[in-house]
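Observations on chain architecture
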Amino acid sequence: MEKVMNMIIRKPDPKQLLRDWQRKLRQECRNIERQIRDIQKEERNVEKAIKEAAKRNDMVSAKALAKEIVSSRRTVNRLYENKAQMNSISMHLGESVAVARTVGHLSKSAEVMKLVNNLMKAPQMAATMQEFSKEMTKAGVIEEFVNDAIDNALDSEDMEEEIEDEVDQVLTAIAGETAAELPEAVRKERIKVPAQKASTSREKESIAEGNDDEEELEEIRARLAKVRS
């Protein structure tokens, strides 16, 4: 009877599970590499826009664009970290299968569980890693756990000054002397709407140019947001 039940409820082959998981992990790594290339391509376009804004002395737009570059570079760094963690998961899974050949079944891995938990906190990886978590929990590689929420509020408050410094560095590196020669008060000020001109004709022209710049800025932000998501 036991033999019959084993034939009916056959346990998944650990080696086949490993091949399936590693294939999915490799695909996710390729997706990350493609996303990084897309972000860096858009970043080059933003750099050109910063130089053009600096040439016309529009440092408000230049600073706004520099902040987008800082955000994009931070996203790229996180994506590289995600890729490294997925490669680590693949390596540890390989070790688990090697052990399974001896003990006859997949054993729980605290390291894999930790890595999966970390990746579930990354917005870009949350859905994928939730699916991995279900499969690995079912196979007995990790235990079921509750994913902790990410506290972005504290990070955004504590990192604001550091981000401002990075924005200043990006401006100086891309816009060159135009940004470096600006008074510190101007470089450090928050982004705000440019003041209106006194002359009526000049005022209309300024508003029209400001609208065009704002539309261009929003288009650039939209493209960057799309490739970062």
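Residues numbered from 1 in each chain as written. Predicted model: local features only at pLDDT ≥ 70, side-chain atom pairs only at ≥ 80, totals over all residues. Heavy atoms only, no water.

Now for unusual backbone geometry. Phi angles above zero are rare outside glycine, and Asn57 is one such case at about 65 degrees. Position of Asn57 among the secondary structure elements: in the loop between helix 2 (14–55) and helix 3 (59–103). (Helix = DSSP H or I, 4+ residues; strand = E, 2+ residues; numbered from the N terminus.)

Let us look at the environment of Thr128. Considering the arrangement of structural elements, one finds Thr128 in helix 5 (residues 126–139). The class of Thr128 is partly exposed, set by a relative accessible area of 22%. Along the backbone, Thr128 and Leu25 are 103 residues apart, and their C-alpha atoms lie at a distance of 9.6 Å. (Buried < 20%, exposed > 50% of the residue type's maximum accessible area, 1.4 Å probe, protein only.)

On to helix 2. Its 42 residues place the ends of helix 2 61 Å apart at the C-alpha level, agreeing with the 62 Å of an ideal helix rising 1.5 Å per residue. Asn57 sits one or two positions beyond helix 2 and adopts a positive phi of about 65 degrees. (Expected span 1.5 Å × (residues − 1).)

This part takes up the packing of helix 2 against helix 7 (residues 160–175). Running from amino to carboxyl end, helix 2 crosses helix 7 at an angle of 80 degrees, the nearest separation of the two axes being 9 Å. By the angle between their directions, the pair helix 2 and helix 7 is classed as roughly perpendicular. When helix 2 is examined against helix 7, the residues Glu47, Ile50, Lys51 and Ala54 are found in contact with a partner set consisting of Leu171, Ile174 and Ala175. Split into classes, the residues belonging to the contact of helix 2 with helix 7 amount to five nonpolar, no polar and two charged. (Axes fitted to C-alpha atoms, helices over the stretch in contact; angles between N-to-C directions. Parallel < 35°, antiparallel > 145°, perpendicular 65-115°, else oblique. Contact = heavy atoms within 4.5 Å. Nonpolar A, V, L, I, M, F, W, Y, C, P; charged D, E, K, R; others polar.)

Within the element layout of this structure, Lys55 appears in helix 2. Sequence separation between Lys55 and Ala175 is 120 residues; the distance between their C-alpha atoms is 8.3 Å.

Let's shift gears to the nonpolar core. Formed by 28 residues in total, the largest nonpolar core has its most connected members in Trp21, Ile89, Leu93, Val112, Met129, Met136 and Val141. Sorting the residues of this core by element identifies helix 2, helix 3, helix 4 (110–120) and helix 5 as the ones contributing at least two each. Among the elements that take part in this core, helix 2 stands out by supplying eight residues, more than any other. When residues no more than four places from it in sequence are discounted, the contact partners of Ile89 are Leu25, Val112, Leu115, Val116, Leu119, Met129 and Met136. Ala49, Ala53, Ala54 and Val170 belong to the second-largest nonpolar core, a separate cluster that totals 21 residues. (Core = buried A, V, L, I, M, F, W, Y, C linked by side-chain atoms within 4.5 Å.)

This paragraph deals with the pattern of salt bridges. Throughout the structure, instances matching the rule amount to eleven salt bridges. Here Glu162 makes a salt bridge to Arg74, at a shortest N to O gap of 3.5 Å. Placement of the pair is Glu162 in helix 7 and Arg74 in helix 3, with a sequence separation of 88 residues. Notably, a salt bridge pairs Arg74 with Glu166, separated by 2.6 Å at the nearest N-O pair. Taken together, the residues Arg74 in helix 3 and Glu166 in helix 7 connect sequence positions 92 residues apart. A relative accessible area of 24% means that Glu166 is categorised as partly exposed. Through salt bridges with shared partners, one network takes in Glu43, Glu47 and Arg73. (Salt bridge = Lys/Arg side-chain N within 4 Å of Asp/Glu carboxyl O.)

Caution applies to low-pLDDT regions: their predicted coordinates should not be interpreted in detail. When pLDDT is averaged along the protein, the result is 75, and 69% of the positions lie at 70 or above. Considering each helix and strand of the protein separately, the mean pLDDT is smallest for helix 1 (residues 2–8), with a value of 48, and largest for helix 2, with 90. Below a pLDDT of 50 lies the segment residues 149–154, which in the model reaches one contact outside its immediate sequence neighbourhood of four places, other chains included. (pLDDT = per-residue confidence, 0-100.)

Moving on to a negative patch on the surface. Residues Glu52, Glu214, Glu215, Glu216 and Glu219 make up a contiguous surface patch of negative charge. Looking at the negative patch element by element, the count peaks at four residues for helix 10 (residues 200–228). Structurally, the position occupied by Glu52 is in helix 2. (Patch = residues over 30% accessible without salt bridge, like charges linked within 9 Å, V, L, I, M, F, W, Y side chains within 5 Å. Areas by Shrake-Rupley, 256 points an atom, 1.4 Å probe, with all protein chains shown as cover. Lys, Arg positive; Asp, Glu negative; His and termini not counted. Charge placed at Lys NZ, Arg CZ, Asp CG, Glu CD.)

Now for a positive patch on the surface. On the surface, Lys41, Arg44, Lys48, Lys51 and Lys55 cluster together into a patch of positive charge. Within the secondary structure layout, Arg44 lies in helix 2. Overall, the relative accessible area of 49% leaves Arg44 in the partly exposed class.

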